[in-house]
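# Overview (structure and organization)
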Amino acid sequence: GIRNKVGDWNTDATVQRINYKDGLVFTLGNRYPNGAFWENGSQPWGNGIPGFGSFIIGNNGVETKTTQVLLSAEKPYTKESGWAATLAYTYTNTKQNNDNNDLTDQYAFDQESIDAYPFIPSKVARHRFVATGSVDGPWDMLYSMKLTLATPIPDDGNGCYGFGAPTSATAVLFPTGSYCTPVGIFPPGNGRFIAGGKIFGYRSIDLQATKNFDLTAGLTAYLRVDALNVFNYKNYTDYIENFGNNGVLNSNPVVYNTTGNIEGVPRTLKLSVGLRW
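Below, the structure is looked at part by part. For clarity, every value in this text was computed on a predicted model and none was experimentally measured. (Residues numbered from 1 in each chain as written. Predicted model: local features only at pLDDT ≥ 70, side-chain atom pairs only at ≥ 80, totals over all residues. Heavy atoms only, no water.)

### Some points on the state of the cysteines
Throughout the structure, instances matching the rule amount to 1 disulfide. Each sulfur in the disulfide pair cysteine 160 and cysteine 180 lies 1.9 Å from the other. Of note, the bridge from cysteine 160 to cysteine 180 carries an S-S torsion of about 100 degrees and is right-handed in sense. Linking cysteine 160 in strand β8 (residues 155-160) with cysteine 180 in strand β9 (residues 180-185), this pair joins segments that are 20 residues apart in sequence. Given a relative accessible area of 45%, cysteine 160 falls into the partly exposed group. (Disulfide = S-S within 2.5 Å. Helix = DSSP H or I, 4+ residues; strand = E, 2+ residues; numbered from the N terminus. Buried < 20%, exposed > 50% of the residue type's maximum accessible area, 1.4 Å probe, protein only.)

### Observations regarding the side chain of threonine 66
Relative to the elements of secondary structure, threonine 66 occurs in strand β3 (residues 56-75). Polar contacts involving the side chain of threonine 66 include one to the side chain of threonine 94, which spans 2.8 Å. When near neighbours in sequence (up to four residues on either side) are disregarded, threonine 66 contacts Gln16, Arg17, Ile18, Thr92, Asn93 and Thr94. (Polar contact = N/O pair within 3.5 Å; in protein donor to acceptor, adjacent residues only side chain to side chain. Contact = heavy atoms within 4.5 Å.)

### Overview of the environment of phenylalanine 186
As for its placement among the helices and strands, phenylalanine 186 is situated in the loop between β9 and β10 (191-193). A residue is classified by how much of its surface remains accessible, and phenylalanine 186, at 30% relative accessible area, is partly exposed. When the C-alpha positions of phenylalanine 186 and alanine 73 are compared, they lie 29 Å apart, and in sequence the two are 113 residues distant. Those residues in contact with phenylalanine 186, other than ones at most four positions away along the chain, are Pro121, Val124, Arg126, Pro152, Ile153 and Pro154.

### Remarks on the side chain of lysine 211
The topology assignment puts lysine 211 in strand β12 (residues 202-214). Although lysine 211 lies buried, it forms no salt bridge, and the closest oppositely charged side chain, aspartate 140, sits 4.2 Å away as judged by the N-O distance. Setting aside its immediate chain neighbours within four residues, lysine 211 contacts Trp139, Asp140, Met141, Ala221, Tyr222 and Leu223. (Lys, Arg positive; Asp, Glu negative; His and termini not counted. Salt bridge = Lys/Arg side-chain N within 4 Å of Asp/Glu carboxyl O.)

### Some points on the environment of isoleucine 18
With respect to the helices and strands, the residue isoleucine 18 is situated in strand β2 (residues 9-28). For the pair isoleucine 18 and glutamine 68, spaced 50 residues apart in sequence, the C-alpha to C-alpha distance is 8.7 Å. When neighbours within four sequence positions are excluded, isoleucine 18 is seen to be in contact with Thr64, Lys65 and Thr66.

### Observations concerning unusual backbone geometry
Phi at aspartate 140 takes a positive value of approximately 55 degrees, unusual for a residue other than glycine. Its place among the elements puts aspartate 140 in the loop between β6 (127-137) and β7 (141-150). The phi angle at threonine 216 is positive, at roughly 65 degrees, despite the residue not being glycine. Mapping threonine 216 onto the fold places it in the loop between β12 and β13 (220-228). According to the relative accessible area criterion, threonine 216 is exposed, its value standing at 52%.

### Here we look at the nonpolar core
Listed in full, the 9 residues of the largest apolar core are Ala131, Leu147, Leu149, Phe193, Phe200, Ile205, Ala227, Val230 and Tyr233. Not counting residues within four places of it along the chain, the set of residues in contact with phenylalanine 200 comprises Leu149, Ala150, Thr151, Pro152, Gly189, Asn190, Gly191, Arg192 and Phe193. Formed by 6 residues, the second largest nonpolar core is a distinct cluster that contains Tyr161, Phe174, Phe243 and Val254. (Core = buried A, V, L, I, M, F, W, Y, C linked by side-chain atoms within 4.5 Å.)

### Remarks on the environment of alanine 150
Inspection of the secondary structure puts alanine 150 in strand β7. When the C-alpha positions of alanine 150 and threonine 259 are compared, they lie 20 Å apart, and in sequence the two are 109 residues distant. Not counting residues within four places of it along the chain, the set of residues in contact with alanine 150 comprises Ala125, His127, Arg128, Phe200, Gly201 and Tyr202.

Structure below.
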């Protein structure tokens with residue numbers, strides 16, 4: 001990384017590479033009588049150790065590969081200037097050899113072993129930009145703004161778009177022998193910001209105004225008004241999946257569910273009163 005000072009601004013350019021290896025993972029040790037894990041597209045869930053049940057293998061093998069680039073600039077607040085600002089852009093390219101959305105889930109039962117899992121994009125926005133600003137204003141109040149923009153987060157999971165009945169000679173299976181394969185697919189963006197295309201998965205503008213009252217003896221009262229997500233952007237988190245069939249991935253296999261859950265809050269007005277000492 002490189003840090004520098006340009007006029008009143010503190011700047012930072014950082015590149016980070018992290019390779020994480022040998023994460024704990026549990027896989028299915030069951031096998032069919034002929035020793036195979038896949039048979040007609042099915043797993044041997046009913047073929048455990050006689051008299052005991054399913055055989056779960058604990059091993060090491062989960063990996064993530066992450067490259068990040070951070071560019072930031074900060075103009076600190078001074079009483080003389082009466083304002084402050086920060087600008088931060090992050091590029092993240094991260095991949096994992098597991099189809100779990102949550103890497104704290106250490107179970108990988110969708111393939112014969114962790115070695116059979118391809119690397120897919122992790123659930124992180126590829127591009128993220130955050131800008132903040134504050135300025136002294138009328139009535140001795142502090143006015144602030146925060147802008148957050150991020151591109152979509154991929155949908156990680158098991159894409160089942162093979163084809164045919166298990167016993168069909170025309171069945172289409174993936175190279176592992178399954179009808180499904182781990183996928184990490186970025187949905188199209190659901191909105192634009194001011195101009196350009198619908199490339200964003202998350203958008204928010206928050207405004208804030210604060211008035212402090214000096215009560216002497218180190219005691220300060222404050223009145224704060226927050227307007228969150230002032231443009232009422234809908235930042236969806238749920239997906240609609242239509243992967244395809246016959247082993248062919250659709251052109252838009254994953255899109256946001258526009259009637260599903262959202263991240264953050266809808267347009268919200270919040271009033272806070274408090275004391276500091």
